Amino acid sequence: MPVWQDYLEKAAAYHGHICGGQILGIRMSLLGLKLLNLDPESDLKDLVIYLESDRCVADAAYVVTGVTVGRRRVKIQNYGKTAMSFLDLKTGDAYRVAVTSREHPPHSADPVEFWNKKTDSDIFKVQKVGIKLAPGEEPGPPSRVVICRKCGDEILDHKDLTVDGQTVCRACAEKPYYQVLSEISLK
Ligand SMILES: [Zn+2]
Ligand SMILES: [Zn+2]
């Protein structure tokens, strides 16, 4: 049994089902770690993953590597691509792995069997890449904390903007994703 299948049960439990995304995500993650000479069973504390999708493969990357958004080790750059980059903060080395295979198993086929027949070079393209963490993207304590002059919310990690000489949050500066309907009192 290929090594990647060891992760399949865990991925299915975490994600809710076995799908092509779990299989590809596990294989991409193991390949990324191999390129960086990192052992998937080690603590991987210097690993940062850039996900170019927030679909199924994202969960598989978590299951294999244990990196989480809350530890600032997962950056989502949603290009809508089944691709991810693996950055080792210790060495600065990074590799991007992207799915190039346009084949999908037919509905009647077992996805595990289908993808097992494909080698990594059948499925993926690999690039050595340079990645510079943007200011405020580093793991660790926030390097900047300010208050939005418009809404009063606290803004961490250089996400604030200066508009007309005032420090404001992105929601106040741009059109937010939400529309305030009413303020609810908790008293
Ligand atoms: Zn899925
Ligand atoms: Zn604001």
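Structure: above.
Residues numbered from 1 in each chain as written. Chains lettered and ligands numbered in written order. Predicted model: local features only at pLDDT ≥ 70, side-chain atom pairs only at ≥ 80, totals over all residues. Heavy atoms only, no water.

1. Section: the packing of aromatic side chains
To describe a pair of aromatic rings, you give the distance between the ring centres and the angle between the ring planes. Overall, the coordinates contain three aromatic pairs when judged by the stated rule. Consider the rings of F114 and W115, whose centres lie 4.9 Å apart with planes at 90°: the pair is edge-to-face. According to the relative accessible area criterion, F114 is buried, its value standing at 14%. Taking 4.9 Å as the distance between ring centres and 85° as the angle between the ring planes, the aromatic pair formed by Y177 and Y178 counts as edge-to-face. Note on Y177: relative accessible area 79%, which makes it exposed. The class for Y178 is partly exposed, based on a relative accessible area of 38%. A cation sits over an aromatic face here: K128 above Y95, 5.4 Å from the ring centre. (Phe/Tyr/Trp six-rings, centres within 6.5 Å; stacked < 30°, edge-to-face > 60°. Buried < 20%, exposed > 50% of the residue type's maximum accessible area, 1.4 Å probe, protein only. Lys NZ or Arg CZ within 6 Å of the ring centre and 35° of its normal.)

2. A short note on the coordination of the zinc ion (ligand 2)
Here the zinc ion (ligand 2) is held by C148 (SG), C151 (SG), C169 (SG) and C172 (SG), and the distances to it run 2.3 Å. What the four donor atoms of the zinc ion (ligand 2) show is an angle range of 100 to 115° at the metal, which sorts the shape as tetrahedral. Sequence positions of the residues that donate to the zinc ion (ligand 2) give the spacing C-x2-C-x17-C-x2-C. Taken together, the residues span a long stretch of sequence, with C148 in the loop between β6 (145-147) and β7 (154-156) and C172 in helix α6 (residues 170-173) at a distance of 24 residues. (Donors = N, O, S within 2.8 Å, 3.2 Å for Na, K, Ca; no water. Tetrahedral: all angles 85-135°; square planar, octahedral: opposite > 155°, others 65-115°. Helix = DSSP H or I, 4+ residues; strand = E, 2+ residues; numbered from the N terminus.)

3. A short note on the environment of S29
Relative to the assigned elements, S29 resides in helix α2 (residues 20-35). Once the C-alpha coordinates of S29 and V64 are considered, the two residues, 35 residues apart in sequence, prove to be 6.6 Å apart. Setting aside its immediate chain neighbours within four residues, S29 contacts A60, A61, V64, T65, M84 and F86. Of the polar contacts made by the side chain of S29, one reaches the backbone oxygen of G25; its length is 2.8 Å. (Contact = heavy atoms within 4.5 Å. Polar contact = N/O pair within 3.5 Å; in protein donor to acceptor, adjacent residues only side chain to side chain.)

4. Some thoughts on the sheet that holds strand β4 (residues 94-99)
On the basis of which strands lie adjacent, the open sheet formed by five strands has the order β2-β1-β3-β4-β5 and mixed pairing. The open sheet terminates on both sides in strands that have one partner only, identified here as β2 (74-76) and β5 (124-129). Within the sheet, the average angular offset between the axes of one strand and its neighbour, ignoring direction, is 20°. Where strand β1 (residues 47-51) lies against β2, three bridges are found, and the strand directions are parallel. Bridging from a neighbouring strand, Y50 pairs with K75 of β2. In the packing of helix α3 (residues 56-65) onto the sheet, contacts are made with β1 and β3 (83-88), and the angle to β1 comes to roughly 170°. (Pairing = 2+ DSSP bridges. Axes fitted to C-alpha atoms, helices over the stretch in contact; angles between N-to-C directions.)

5. Quick notes on unusual backbone geometry
Its identity is not glycine, yet R72 carries a phi of approximately 65°, on the positive side. Assignment of secondary structure puts R72 in the loop between α3 and β2. By relative accessible area, R72 is classed as buried at 17%. Positive phi is not limited to glycine here, since D157 has a value of about 60°. Here D157 lies in the loop between β7 and β8 (161-163).

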